[in-house]
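Okay, here's what each chain looks like letter by letter:
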Amino acid sequence: TPKVVLEAACGTAKISEQLVFKGMEVDGFDSSPFMLHEANKKSFKPNLYLASLTDAPIRENHYELILCLFDSINYLLKEEEVLKTMNNAHLALQPGGLFVFDISTIYNSRNHFYDEINNHQFGDATIVQHAFFDELRLRQRSFLTLYRRRGTAFVMSQEEHCQRVYYHREIISIIKDSSLELKGIFTTEVRGNLIGKRQQDLDNRYPRLFYMLQKSQS
């Protein structure tokens with residue numbers, strides 16, 4: 001069980017809150033001031049920072065575990081940005097520490113976000129998300145309309161988000177160029193580590209893939 005954890009792109013700190021509750025020392029950062037504002041309301045909040053995935057790490061050689069979940073890696077539109085994030089994790093980890101991240105796959109975009117509208121509630125705010133998938137350019141686009149309560153009325157603002165849908169083979173290639181070693185590939189659909197098993201068409205079989213990387217002990 002790790003004692004010192006970093007959650008990268010922590011959003012509203014739902015994961016971090018659970019880890020702090022369990023007694024872990026947790027740092028969390030996100031590039032969205034709104035998300036950090038909501039995270040700061042948590043009863044068991046981590047130490048919060050405003051930063052992006054490609055920024056220099058908050059601390060070096062410090063964390064036993066770094067988490068980057070909820071397809072945050074997909075927001076990096078260039079492979080060099082993903083590589084930079086992996087190498088930042090290498091700098092921030094203690095020897096032997098783990099970096100765990102996930103990606104949303106092309107299966108997920110085709111089956112769940114091709115043309116969908118969803119509502120999300122964050123405290124006194126509501127977000128309406130309209131998602132489109134550009135199959136030709138492998139871009140997942142989301143148009144967000146935010147309604148925040150102000151007195152008896154609501155204030156509206158809008159954002160557009162763009163994610164790149166990476167193929168499994170692209171992620172594996174970037175990992176090989178990084179300073180970290182691949183230790184595991186997982187999905188919530190089946191049990192066990194997929195390393196050593198048939199990895200062809202993982203993107204077309206599972207909506208989300210999780211990768212576990214490790215910093216060498218030396």
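In this convention, every chain numbers its residues from 1, walking through the sequence in written order. Only residues with pLDDT of at least 70 are given local features in this predicted model, and only at 80 or more are side-chain atom pairs given and counted; all residues enter the totals for whole chains, interfaces and linings. Processing note: side-chain calculations cover all non-hydrogen atoms of the structure and skip hydrogens and water entirely.

Draft legend 1. Seen up close, the nonpolar core. To form a nonpolar core, buried Ala, Val, Leu, Ile, Met, Phe, Trp, Tyr and Cys residues must be joined to one another through side-chain atoms within 4.5 Å. The buried label goes to any residue with under 20% of its type's maximum accessible area, the exposed label to any with over 50%, and the partly exposed label to all in between, with areas taken from a 1.4 Å probe on protein chains only. If you look at the biggest cluster of nonpolar residues, it comprises 33 residues, and the most contacted ones within it are Ile66, Met86, Phe99, Phe101, Ile175 and Tyr211. Helix and strand definitions here come from DSSP, where helices need a minimum of 4 consecutive H or I residues and strands a minimum of 2 consecutive E residues; each element is numbered from the N-terminal end. Of all the elements in the fold, those that place two or more residues in this core are β1 (4-8), β4 (63-68), α3 (79-92), β5 (93-104), α5 (168-177) and β11 (208-214). Among the nonpolar cores identified, the runner-up in size contains eight residues, and Leu19, Met24, Leu65 and Val100 belong to it.

Draft legend 2. Representation of the sheet that holds strand β7 (residues 125-134). The sheet built from four strands is open, its strands ordered β6-β7-β8-β9 with antiparallel pairing. Looking along the sheet, the strands with just one partner apiece sit at the ends: β6 (115-122) and β9 (153-164). Taken pair by pair, the neighbouring strands of this sheet meet at an average axis angle of 20°, ignoring direction. Only when DSSP finds a minimum of two bridges between them are two strands counted as paired. Axes here refer to lines fitted to C-alpha atoms; in helices the fit is confined to the stretch in contact. Angles between the N-to-C directions go from 0 to 180 degrees.

Draft legend 3. Examining the packing of aromatic side chains more closely. Any two rings among Phe, Tyr and Trp, with Trp reduced to its six-membered ring, count as a pair given centres within 6.5 Å; such a pair is stacked if its planes are under 30 degrees apart, edge-to-face if over 60, and tilted if neither. Enumeration according to the criterion identifies six aromatic pairs in this entry. A ring pair is formed by Phe21 and Phe44, whose centres lie 5.1 Å apart and whose planes are at 85°; its orientation type is edge-to-face. One end of the pair, Phe21, is in helix α1 (residues 14-21); the other, Phe44, is in the loop between α2 (33-39) and β3 (47-50), with 23 residues separating them in the sequence. We classify Phe21 as exposed; its relative accessible area is 58%. Looking at Phe44, the relative accessible area reads 37%, which means it is partly exposed.

Draft legend 4. The arrangement of the environment of Arg149 in detail. Relative to the helices and strands, Arg149 resides in strand β8 (residues 139-150). As for Arg149 and Asp124, which are separated by 25 residues in sequence, their C-alpha atoms are 5.9 Å apart. Apart from residues lying up to four places away in sequence, Arg149 is in contact with Asp124 and Phe154. Any pair of residues with heavy atoms lying within 4.5 Å of one another is described as a contacting pair.

Draft legend 5. A look at the environment of Val128. On the secondary structure map, Val128 appears in strand β7. Overall, Val128 belongs to the partly exposed group, its relative accessible area being 25%. Note: C-alpha distance between Val128 and Leu146 (18 residues apart in sequence) is 6.6 Å. Residues within four places of Val128 in sequence aside, it is in contact with Ile117, Asn118, Asn119, Phe143, Leu144, Thr145 and Tyr147.

Draft legend 6. Structural view of empty space enclosed by the protein. Residues are said to line a cavity or pocket when one of their atoms sits within 4 Å of a point; the points come from a 1 Å grid over protein atoms alone, cavities being sets where a 1.4 Å probe fits but cannot get out and pockets being open sets with protein on both sides within 12 Å along at least five of seven lines. Grid points are joined across faces, edges and corners, and a volume is the space filled by probe spheres set on the points. Summed over the entire model, instances satisfying the criterion amount to one cavity of 30 Å³ or more. Looking at the largest cavity, its volume works out to about 150 Å³. Together, 16 residues line the largest cavity, and Leu6, Ala8, Phe29, Leu53 and Asn88 are the ones closest to its centre. Within the residue set of the lining of the largest cavity, elements represented by two or more residues are β1 and α3. Top element by residues in the lining of the largest cavity is α3. It accounts for four residues. As a working rule, the residues Ala, Val, Leu, Ile, Met, Phe, Trp, Tyr, Cys and Pro are called nonpolar, Asp, Glu, Lys and Arg charged, and the rest polar, with Gly in that last group. The residue inventory of the lining of the largest cavity, partitioned by class, reads twelve nonpolar, three polar and one charged.

Draft legend 7. Highlighting the state of the cysteines. Cysteine sulfur atoms that pair up within 2.5 Å are treated as a disulfide. Going through the model one piece at a time under the given rule, you end up with zero disulfides. Free cysteine Cys10: the closest other cysteine sulfur is in Cys68, separated by 10 Å. The exposure class assigned to Cys10 is buried, which follows from its relative accessible area of 5%.

Draft legend 8. Looking closely at the layout of surface pockets. Of the pockets and cavities examined, the largest pocket occupies roughly 1300 Å³. Forming the boundary of the largest pocket are 40 residues, of which Met35, Phe70, Asp71, Tyr75 and His161 lie nearest the centre. Classifying every residue of the lining of the largest pocket gives 17 nonpolar, 17 polar and six charged.

Draft legend 9. Looking closely at the packing of α3 against α5. Following both chains from N to C, one finds α3 and α5 inclined at 50°, their axes separated by 9 Å at the closest point. The angle between α3 and α5 falls in the class oblique. Taken as a pair, α3 and α5 cross one another with a handedness that is right-handed. Between α3 and α5, the residues in contact are Glu79, Val82, Leu83 and Met86 and Glu170, Ile174, Ile175 and Asp177, respectively. Residues belonging to the contact of α3 with α5 are distributed by class as follows: five nonpolar, no polar and three charged. The labels follow the angle: roughly parallel below 35 degrees, roughly antiparallel above 145, roughly perpendicular from 65 to 115, and oblique for the rest. Each crossing is labelled by how the near helix is turned from the far one, with a counterclockwise turn of less than a right angle marking it left-handed and a clockwise turn marking it right-handed.

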